[in-house]
Amino acid sequence: MLVRSELVCQANRPVNALHKTASTRVCAKAQAKAMGIIMPMLDEDELAVFKRGRNAHTGGIPKNQSSADYHYATGLECLFGWLYLKGRTERINELYAIISEAEANKDD
């Protein structure tokens, strides 16, 4: 939701272009990379939630993703979900801004 909201606010795009751009940012590989960026900034509780999500047994790994990337992406999604359930939207936005900034600097 954060990725799509950001992309829609950046520019008016055809639906297909929006979907393709969003898909490259929410795939397991991109989410694993994002987790690597924010991991040093997590507090003890956040890191514990990430690790629990990362280590959870998954039903299966998509054939086009590595196991490590998939588990890191699952951990990231667990972290953001936990923060949301705790009502910590400011922290979600803070972490997402760090990820977005790193993504923007990658393109420079």
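Treat the numbers as computed from the prediction; the structure is a model and nothing was measured. (Residues numbered from 1 in each chain as written. Predicted model: local features only at pLDDT ≥ 70, side-chain atom pairs only at ≥ 80, totals over all residues. Heavy atoms only, no water.)

1. As for the pattern of salt bridges
And step 1. Here the structure, examined in full by the defined rule, presents four salt bridges.
And step 2. A salt bridge links E46 to R88; the shortest N-O distance between them is 3.2 Å. Taken together, the residues E46 in helix α4 (residues 44-55) and R88 in the loop between α5 (67-85) and α6 (89-107) connect sequence positions 42 residues apart.
And step 3. You can call R88 partly exposed: its relative accessible area is 30%. (Salt bridge = Lys/Arg side-chain N within 4 Å of Asp/Glu carboxyl O. Helix = DSSP H or I, 4+ residues; strand = E, 2+ residues; numbered from the N terminus. Buried < 20%, exposed > 50% of the residue type's maximum accessible area, 1.4 Å probe, protein only.)

2. Brief notes about the state of the cysteines
And step 1. Counted according to the given criterion, the structure contains zero disulfides.
And step 2. With no disulfide partner, C27 has as its closest neighbouring cysteine sulfur the one in C78, 17 Å distant. (Disulfide = S-S within 2.5 Å.)

3. What to know about the nonpolar core
And step 1. Formed by 17 residues in total, the largest nonpolar core has its most connected members in M35, I38, L42, L76, L79, F80 and L95.
And step 2. Elements supplying a minimum of two residues to this core: α1 (2-10), α2 (15-26), α3 (28-38), α5 and α6. (Core = buried A, V, L, I, M, F, W, Y, C linked by side-chain atoms within 4.5 Å.)

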